[in-house]
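# Reading the structure
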Amino acid sequence: MCCLRQLFLVSLGVTAWALHESDVGMVDWNTKLIGVPHDSPHTAPVFHGDYVLAATNNNVLAALNATDGSIVWRSIYDAEDPIMAFSHHDNSVSSLSGPGGSTLRTYDLETGHLILEKQLHNPVDGRLHEPQNLGISLLRSTNLSLNSTAYFALTNGDSVTHLDETGDTLWTWNSPDQGSLVLYSHLIADPSTVYLVGLAKSFASYTLHVTTLSATTGELIASVNIPANIKDERSKFVAVSSQTGPTTTTCVNWLEDGALKAAILTPDLKGQVMALPGVRYDRISDFGLSTNGQFLAIKEGGAAHVMHFDAQAYSLRPIWEFGDAAPSQVQSDSHFVGSLGRDGQPRVARVYWSNAHNKAIHQTLAINLSEGKASASGFAFPFQTLDHGVVRHVAFDGSSTGETHENTRMLLTTTTGSIQLWQHDKMRWVREEALASIQVAEFVELPEKKVVMSHAIVDEEGYFERLQRQLSDAKNLPQYLANFARRFATGSYATVTTSAASSSDEDTLTRDAFGFRQIIVAATPYGKLFGIDSSNGRVLWSRVLGLGWAAKVGGTIFPTKMFVTRTVSDPEGPQIVLVTQRRADNSLVDTVLFHVNALTGDDVREEHQSIPRDVLQGLDAVMGPLVDVFMLPNENRTIVMLDEYLQARLYPDTPSAQAEFESFVPSIHLALRTDVPGQRQILGHQLTLNLELSQFYVAYPTWSLSLPPKEEIRAIIPNTRGPVASIGKVLGNRMTLYKYLNPHLTLVLTSFPPSSTCGIYVLDVIKGSIIYHASVPAAGGVCDVQATLTENWLVYHYFDDEFSGTGQSKGYRVISVEFYEGDGPDDKTKSSELSSYSNKTLHISAYEQSFIMPYGITAISPTLTKFGVSTKDIIVANRKNSIQSIPRRLLNPRRPKHKPTSEEQEEMLVQYDAVLPDDARLVLSHNYEVANVRRIVTSPSLLESTSLVFVYGLDLFFTRIAPSGTFDVLSENFNKVQLVLTVAGLGIAIMVTKPMVRRKWLRERWYQ
C-alpha cells in the first residue's frame, strides 16, 4: 500500500515535467571540470605518456587526454580529505590524502578504477603543517627479481610505512621524538636503504637531520645531524639521487650564507660535507629531475645554473648557465622544469615572457651526460596574456622533444585558471578550469533579432538609390513566404523541447522564440569574468580583471555580488556591475566595481574600446572593505554600498541617482551582524544624513537581537523576491488562507557549538521581530543547514543524528513551513501592505511538516517564472551528484495524515507520507554527474510555464523546467494539418451553404 501511495505521489510530480531521452542535450547541457591544478612539487601536473595527471584546488585527482584535453577519469575527494601528494608508476597512479597523509589510494591509469585504499593512520592523529603537504612523500619502487612493486610513504613528517603492492604493511617506523624536534620532508629509497631528510630545531636556527633505515626490515641504521646553519624552516634544501648500475647514491644540498654545500649520504652516515667555492647563490630548487641528479641553483645576480651530481666522481658541478634568467623590464621571471627524453637523457625547459617580442619564449636544454655536453634551442609562441593572465606553472613533456621543436609539448597553468597544452607554437586545447570555482553568476536576457538598416542616411537617397535598396531588402521575401507557408501547413514551429542554440551561420547574440537562450555572466576568484551561452554552455567572451594600483605589489580580486543594472528593454542594452574585494599583497583591502556590457564583455565606462582589448580595469569605489551591498529598484538601478564605517556609497554617483536614493531612504531597512566573539548580535539599521559627522548617509542601529552566548551567525539570507500571482489559497470549503507576504522577511542561520545545535530564524528586519525560530541538531558538531525562503514558504534541510522518539531514526530531514495571515482561513490582515510597526505583523499562523529525504543536499533554490503563476518547485543538488526537483505538492505541510476528504481532494491534497519518493523521473540531470554543487540559480523565461536553472560547483549544468506543465504552448503532438483542413472545410461549407440559406430565407419571406 505504501509503495502504491509513493507511486501515486511521483505521478503527481512528473506529470508537470518529465525529461525524455530525446531531450537530453537539447534542453540541457553539462560541463565536467576538474579545477585549477596545484603548483606545489608533490601535486603539480605531470605528463605520463599521453596522459596529463593533476591534483587540483577543488580536491580532484584527474587524468586528462593530452591529445584533446578531455577528462579520461577523475576522482573527487571529500573536503576533509585533501590531496597531499601523488605519484605515477607504470600503469597506475597513487595518492596520499587526509591530515598528515593518512590515506593511500591507487588507481588504474587508463580507467581510474580504485585498485587499493589503505589508511596509514587515523585522520584525527594527523599533524597540520604549513604548507599542509610538508612532511608527506610517496615513493613507488620496483623489485625486478620478484616482479612486484612496493610503496614507501612518509606521513606526519615523522612516520614511514612500507607496503607491498596489495596494501599489506611490511613494516612501520616512527620517529622517537614524534616530530617535536625533527620534521622529515624528503624520502629517498634504494633496494637496501631508506633515507629520511628533514630539519631539526636548534637554538638559533635549523640544521639538517638524516636518518637511514633498512629497506627490508625498517630497522634504524643511523640518525645524525649534519652541521648546517639554515635560517628558517621554509628555507629549501634539495635531496638528489643518481643511479650507477644497481647502486643509488644520494646527495643533500643546501645554502648556508650564500654558499652551496652538499653532503653525500651513505647508509652509516659517515660522509663529509663539501662546499662549492667561488660562487654565491640566492636559492636552490628541485625542478623535476632530482631522481636523475639535477637541480637548479639561482645566483645572486639572477643567472640560473643547472647543477649535476655525479655519483661516480662524487662531485657536484654546474653543467649549464642561463645567464639572462633574471627578471627585468625586458622579460618576466622564468619557469624551469625538467623531464627525461626518449633516450633517457635529461631535458630542461625554460619558459618566460618577453616584452621585446610580446610573446612567450620556450627554451629547451638538451643534456648528454655520457658525453658531458649540452645544447640549448628555443622558439617563441603566441601566448595571449591579455586573455589568460600570467603563466603560473609549466609542465614539460621531455619525451616529445627531438632534433626539431615541432612536437615539443608543454602544459601551462595560468593565473586566471586556464590549462593550455601547446605543441611547439600552436595551442592544441585549453580548459577554463576557473569555472569550477564560480563565486557569483546571473542570467541576462538577450535582445530580439532586428533588421539592421544598411544605409544610414536615407533622406539623402535619390530615386534609383532608394529603389535599389528596396529591391535588395526584398530579396529574402520569397524565402520568407515559403517558410511561412511550410510552417503554417506543417506546424513546424519552435517547441519547448527544441534546442535554443542559434542555427544561423552568423550566430548573432539574439534570443530564441521563448527566451530560453540567455547569457550567464559568471565571475571567478581567479580574476576572470565569463559570458556563457545558456543554450549550449559555450564561452562567448571572457575578460581578465585588472588589479589597478595593486598590480605593482600583487593581489587578488574576489567577487562578492553581481547586479543586472540594465536589461534588453533599456536603450543602453544589457549591462552588469560586478562588486569585488581587492586584497593587495600589502594587506590593503579595497572595493572595486566592474561595469560590463553583458553581450560583449566591453567596459561600459570606456567610450572607445581598445583593440586588442586590454585587461578590464575597475573603479575603486570604496577605500576599504564592504559590510553590505544592495541595489535599489529604481530607474537608475543604483547600487548602494556600506563601507566599514556604515557610510552609504552610491554607484553611479550622479545627481539623479542621489535624488532617487534619498527618496528611498525611509524605506531602507538592513539587518547586519556584529563580530564580537561570544556576543553575536543582529542589529537592524536605517540610514540618516548628519553633515556634522559625514557627507554620506550613515546607517544607525534601530533594534538589536541578542543571541545566546557563543551562538555564531552563519548566514543572513534575504527573501527570494519575485512576482506574486496569488495572495491566498482557496480551500475545499471555499474559505481562503491568505499568504503572509511581508516583504521585509529575512532568514538567519546560526550555529551553537556548546549544545551542538543549529538555529533557523525568520526575522522582520524593520523591528527585529522573530516570526519563526527552530533549533535542529548539528550532526558531528557541524551545521550544514540548507534553506530557502520565498513568498510565504520556508524550506530547510539538515541531518538528524538524534533519536527524538519511539520509531524515530537518524536521517536527512526536510522541513516545509508555510506562513498565513491571522488565526485561520478568511482572517485577512493585508500583510503585504501592513506597516511593520503594527501589532498585526505577528498575527500569523504557521503550518509545518517534516519529511525524510533519502540523501543529503548541498544547495537549494525555488523555481522562478515571469509572473509567478506557475507552481513553485524546489530544486536541490543532492550528494549523489545529481539535480532533483521536488514538487511543491509533495512538500505541502497541510497534507492530511488520514485519507483525504472530498474537500481536501478538491485542493489536490494527498495523504501525508514521511518519506519523499526517490524517483528517477524527478532527476533533472538524468545521467549527468554534477559534483560539489555550491549554488543553484533560477531565472524566468518568456514562457510563464518555464523556469531556467543553472547549477554551478565543480561542474556546470543547465536545464529548464515547467513545474505546472507547458500550459502556454501547444503540444508537439497537436495536429496542425487537421486543424487547417478542418477550418478550410468549414470555410468551404460556409461558402456553399450561404447562398442556399439566403435563398431559403428569401423564399420564406415571400410566402409569409
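Residues numbered from 1 in each chain as written. Predicted model: local features only at pLDDT ≥ 70, side-chain atom pairs only at ≥ 80, totals over all residues. Heavy atoms only, no water.

## Some words on the overall build of the protein chain
Each helix and strand in the protein chain was counted, giving seven helices and 63 strands. If you line up the protein chain on its principal axes, its C-alpha atoms span 135 × 85 × 70 Å. Looking at the protein chain as a whole, 51% of its 1008 residues qualify as buried. Long-range contacts, defined here as pairs at least 24 residues apart, represent 52% of the contacts in the protein chain between residues at least 6 apart. Summed over its atoms, the accessible surface of the protein chain is roughly 47700 Å², and 53% of this surface lies on carbon and sulfur atoms. (Helix = DSSP H or I, 4+ residues; strand = E, 2+ residues; numbered from the N terminus. Buried < 20%, exposed > 50% of the residue type's maximum accessible area, 1.4 Å probe, protein only. Contact = heavy atoms within 4.5 Å. Areas by Shrake-Rupley, 256 points an atom, 1.4 Å probe, with all protein chains shown as cover.)

## Some details on the sheet that holds strand 3 (residues 51-55)
One open sheet holds the four strands; their spatial order is 2-3-4-5, and the pairing between them is antiparallel. Two strands bound the open sheet, and with one partner strand each, they are strand 2 (46-48) and strand 5 (71-76). Taking the axes of each pair of neighbouring strands and ignoring which way they run, one obtains an average angle of 20 degrees across the sheet. Where strand 4 (residues 60-65) meets strand 5, five bridges bridge the pair, whose relative direction is antiparallel. Within strand 5, the position partnered with Ala-62 by the bridge is Arg-74. (Pairing = 2+ DSSP bridges. Axes fitted to C-alpha atoms, helices over the stretch in contact; angles between N-to-C directions.)

## Here we look at the sheet that holds strand 7 (residues 92-97)
Strand order in the open sheet formed by four strands is 6-7-8-9, with antiparallel pairing between adjacent strands. Looking at which strands have only one partner, the edges of the open sheet turn out to be strand 6 (83-89) and strand 9 (114-119). Strand-to-strand twist across the sheet, computed as the mean angle between neighbouring axes with direction ignored, equals 15 degrees. Where strand 7 meets strand 8 (residues 103-108), six bridges bridge the pair, whose relative direction is antiparallel. Note on strand 8: the bridge partner recorded for Ser-94 is Thr-106.

## Remarks on the pairing of strand 40 (residues 589-597)
By the criterion of burial, strand 40 is predominantly enclosed, with seven of the nine residues buried. Pairing analysis gives nine bridges linking strand 39 (residues 575-584) to strand 40, with the strands arranged antiparallel. Among the inter-strand pairings, Gln-581 is bridged to a residue of strand 40, identified as Thr-591. Linking strand 39 to strand 40, which pair antiparallel, is a turn of four residues; within it Ser-587 sits at a positive phi near 80 degrees. As paired elements, strand 40 and strand 41 (residues 619-622) share three bridges and run antiparallel to each other. Looking at the pairing, Val-592 lines up with Asp-620 of strand 41.

## Details of helix 7 (residues 976-1006)
The end-to-end C-alpha distance of helix 7 is 45 Å, a good match for the 45 Å that 31 residues give at a rise of 1.5 Å each. Of all the bends in helix 7, the largest measures some 30 degrees and sits at Thr-993, one to four residues before the proline Pro-995. (Expected span 1.5 Å × (residues − 1). Bend = angle between axes of the 7 residues up to and from the residue.)

## Examining a nonpolar patch on the surface
On the surface, a cluster of nonpolar side chains totalling about 490 Å² of accessible area is made up of Tyr-463, Phe-464, Leu-467 and Leu-471. Here Tyr-463 is to be found in helix 3 (residues 463-473). (Patch = residues over 30% accessible without salt bridge, like charges linked within 9 Å, V, L, I, M, F, W, Y side chains within 5 Å. Salt bridge = Lys/Arg side-chain N within 4 Å of Asp/Glu carboxyl O.)

## Looking at the state of the cysteines
Covalent bonding between the sulfur atoms of two cysteines is what defines a disulfide. Taken as a whole, this structure holds one disulfide when the rule is applied. Covalent S-S linkage joins Cys-758 and Cys-783, the inter-sulfur distance amounting to 2.0 Å. Disulfide Cys-758 to Cys-783: torsion about the S-S bond roughly -110 degrees, handedness left-handed. Highlighted residues: Cys-758 in strand 52 (residues 757-764) and Cys-783 in the loop between strand 53 (769-777) and strand 54 (786-790), separated in sequence by 25 residues. (Disulfide = S-S within 2.5 Å.)

## Some details on the pattern of salt bridges
Within the structure shown, the criterion is met by 32 salt bridges. In this structure, Asp-784 engages Arg-879 in a salt bridge whose closest nitrogen and oxygen atoms are separated by 2.4 Å. Taken together, the positions of Asp-784 in the loop between strand 53 and strand 54 and Arg-879 in the loop between strand 59 (874-878) and strand 60 (882-886) put the pair 95 residues apart, joining distant regions of the chain. Asp-784 gets classed as partly exposed once you look at its relative accessible area, which sits at 34%. On the accessibility criterion, Arg-879 (43% relative accessible area) is partly exposed. Here the residues in one salt-bridge network are Lys-32, Arg-74, Glu-929 and Asp-955, joined through shared partners.

## Section: the confidence of the model for the protein chain
When pLDDT is averaged along the protein chain, the result is 87; 91% of the residues meet or exceed 70. Averaged pLDDT values for the elements of the protein chain fall to 49 in helix 1 (residues 2-14) and rise to 97 in strand 4. (pLDDT = per-residue confidence, 0-100.)

## Focus: the side chain of Arg-895
Structurally, Arg-895 can be placed in the loop between strand 60 and helix 6 (902-906). Here Arg-895 occupies a buried position and makes no salt bridge, while the nearest side chain of opposite charge, Asp-913, is found at 5.8 Å. Polar side-chain contacts of Arg-895 include one of 2.7 Å to the backbone oxygen of Leu-890. (Lys, Arg positive; Asp, Glu negative; His and termini not counted. Polar contact = N/O pair within 3.5 Å; in protein donor to acceptor, adjacent residues only side chain to side chain.)

## Notes on unusual backbone geometry
Of the consecutive residues Tyr-651 and Pro-652, the connecting peptide bond is found in the cis state with omega at 0 degrees. With respect to the element layout, Pro-652 can be found in the loop between strand 44 (648-651) and helix 5 (655-664). Of note, the phi angle at His-424 is positive, near 60 degrees, even though the residue is not glycine. Among the structural elements, His-424 can be located in the loop between strand 32 (418-423) and strand 33 (426-432). Despite not being glycine, Lys-710 has its phi angle at roughly 70 degrees, a positive value. For Lys-710, the location among the structural elements is in the loop between strand 47 (697-706) and strand 48 (712-718).

## Observations concerning the nonpolar core
By size, the foremost hydrophobic cluster in this structure holds 38 residues, and its most contacted members are Leu-411, Ile-438, Ile-520, Ile-532, Phe-950 and Leu-956. Counting only elements with at least two residues in this core, the list comes to strand 4, strand 32, strand 34 (440-445), strand 35 (518-524), strand 36 (528-533), strand 62 (947-952) and strand 63 (956-961). Beyond its immediate chain neighbours, meaning those up to four positions away, Leu-956 contacts Trp-29, Asn-30, Thr-31, Leu-33, Leu-435, Ile-438, Ile-532, Phe-950 and Val-951. (Core = buried A, V, L, I, M, F, W, Y, C linked by side-chain atoms within 4.5 Å.)

## Considerations on the pairing of strand 24 (residues 304-310)
Within strand 24, six of the seven residues are buried, leaving the element largely enclosed by the surrounding structure. In terms of strand pairing, strand 23 (residues 294-299) meets strand 24 through five bridges, oriented antiparallel. The residue of strand 24 that forms the bridge with Leu-296 is Val-306. Hairpin geometry of strand 23 and strand 24 is characterised by an intervening segment of four residues between the two adjacent antiparallel strands and by a positive phi of about 110 degrees at Gly-302. The pairing of strand 24 with strand 25 (residues 315-322) spans seven bridges and is classified as antiparallel. When the bridges of strand 25 are listed, Val-306 appears paired with Trp-320. Counting the residues between successive antiparallel strands, the hairpin from strand 24 to strand 25 contains four residues, one of them, Tyr-314, with a positive phi of roughly 50 degrees.

## Side note on the packing of aromatic side chains
Applying the stated criterion across every chain yields a total of 20 aromatic pairs. With 6.4 Å between their ring centres and 85 degrees between their planes, Phe-443 and Phe-950 make a pair best called edge-to-face. Residue Phe-443 is found in strand 34, and its partner Phe-950 is found in strand 62; the two are separated by 507 residues along the sequence. Pair check on accessibility: Phe-443 and Phe-950 agree, each one buried. With a centroid separation of 6.4 Å and an interplanar angle of 50 degrees, the aromatic rings of Tyr-772 and Tyr-796 are classed as tilted. (Phe/Tyr/Trp six-rings, centres within 6.5 Å; stacked < 30°, edge-to-face > 60°.)

## Let's talk about the side chain of Asn-634
With respect to the helices and strands, the residue Asn-634 is situated in the loop between strand 42 (626-631) and strand 43 (639-643). For Asn-634, a relative accessible area of 9% gives the class buried. One polar contact links Asn-634 to Glu-660, side chain to side chain, over a distance of 2.7 Å.

## Regarding the environment of Val-765
Counting through the fold element by element, Val-765 comes out in the loop between strand 52 and strand 53. Classification of Val-765 by relative accessible area gives buried; the value is 7%. Taking the C-alpha atoms as reference points, Val-765 and Pro-718, 47 residues apart in sequence, are found 10.0 Å from one another. Here Val-765 is in contact with His-669, Leu-670, Ala-671, Trp-703, His-744 and Thr-746, once residues within four sequence places are set aside.

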